[in-house]
Amino acid sequence: MDSFKTFGIKVNIFFLRIIHNELKILVIQKKGKDYWEFPNAIFKEDDEILKVCKRAASQVINYIHLENFEYKLINNVINDSLIEFNYVILHKKFRFNFIYNELLTDINWFSSKKLKDNFLLNQDRFNEILGFTKQFVKSNYANIRYFISGKYTLSELQKAYINLGINNKQFYEKRNFRKWLFIQNKENLFIEDTGFIRRGNHRPAKIYCSLERIIEVT
């Protein structure tokens, strides 16, 4: 850490979720403060990065549950004399049981516009996060499970891929998407039928869920 003696080092944690077909990021408001920020923590002497990530995430997640989470570095930026490392936090079962505690007054999910309006991220920085998420999912389509609710219809799954900006011609027609998904899931099992049905102003739709462990089918 000697090379950073003149800099403070901060870790920001990004919880990402597709809500109403839009990628949003969790923000918090701490007691005594009138602005929004991301869960964060400052490096202390002899800290390790994983420890700092957990300390930041523990502002909204009970610390005893953090062993099941992963952290992936998106980027780092320098703001004046502060180096900020930005990490995405991931859970295979999409389990975000957020807690309110004595440090917080509120938590919320902000779209790119709200992040910009609250001076948290400009459009270029948000696009970098969106691009990271898009490439992460394209590298393995099963990774969509990190960003959508644990239970969903196939139509909701289809929209999730599309709204991340993944340009696959198979995604834009319902029948083609389901054929593509059947092939994907046959080779690399990552979703399963829950046996439940969702009813509404449409034909009843089967509800699926993501598997915690991807199963390679031989």
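Throughout this description, residue numbers start from 1 for each chain and increase along the sequence as written. Totals for whole chains, interfaces and linings use every residue, but because this is a predicted model, local features are given only for residues with pLDDT of at least 70 and side-chain atom pairs only at 80 or more, for both listing and counting. Hydrogens are left out, water is left out, and the side-chain values use all remaining heavy atoms of the structure.

(A) Just the side chain of N86, in detail. Helix and strand labels come from DSSP, where a helix needs a run of H or I of at least four residues and a strand needs a run of E of at least two; each type is numbered from the N terminus. Here N86 shows up in strand β6 (residues 82-90). Partly exposed describes any residue whose relative accessible area lies between the buried limit of under 20% and the exposed limit of over 50%, with all areas from a 1.4 Å probe on protein chains only and scaled to the type maximum. Judged by relative accessible area, which is 1%, N86 ranks as buried. Definition of a polar contact: a pair of N or O atoms within 3.5 Å, with one able to donate and the other able to accept a hydrogen when the atoms are protein atoms, and with sequence-neighbouring residues admitted only if both atoms are side-chain atoms. Among the polar contacts listed, one links the side chain of N86 to the side chain of N12, at a separation of 2.9 Å. A polar side-chain atom of N86 sits 2.8 Å from a polar atom in the side chain of N75. Throughout, a residue-residue contact means that at least one pair of heavy atoms, one from each residue, lies within 4.5 Å. Among residues more than four places away in sequence, those in contact with N86 are N12, F14, K72, L73, I74, N75, V77 and R125.

(B) Layout of the side chain of K30. Within the element layout of this structure, K30 appears in strand β3 (residues 22-30). Apart from residues lying up to four places away in sequence, K30 is in contact with E37, N40, Q59, L103, L104 and T105.

(C) Quick peek at the sheet that holds β3. A pair of strands is treated as paired once DSSP finds two or more bridges between them. Read from one edge to the other, the open sheet built from 3 strands follows the order β2-β3-β7, with strand pairing classed as antiparallel. A single partner strand is all that each edge strand has here, and the edge strands are β2 (16-19) and β7 (104-110). Put simply, the sheet's adjacent strands are angled 35 degrees from each other on average, direction ignored. One ladder, built from 4 bridges, connects β2 with β3; its direction is antiparallel. Looking at β3, one finds that R17 is bridged to K24. Contacting β2 and β3, helix α3 (residues 123-139) runs over the sheet at an angle of about 125 degrees to β3. Inter-axis angles, ranging from 0 to 180 degrees, are taken between N-to-C directions of lines fitted to C-alpha atoms, where helices are fitted over the stretch in contact.

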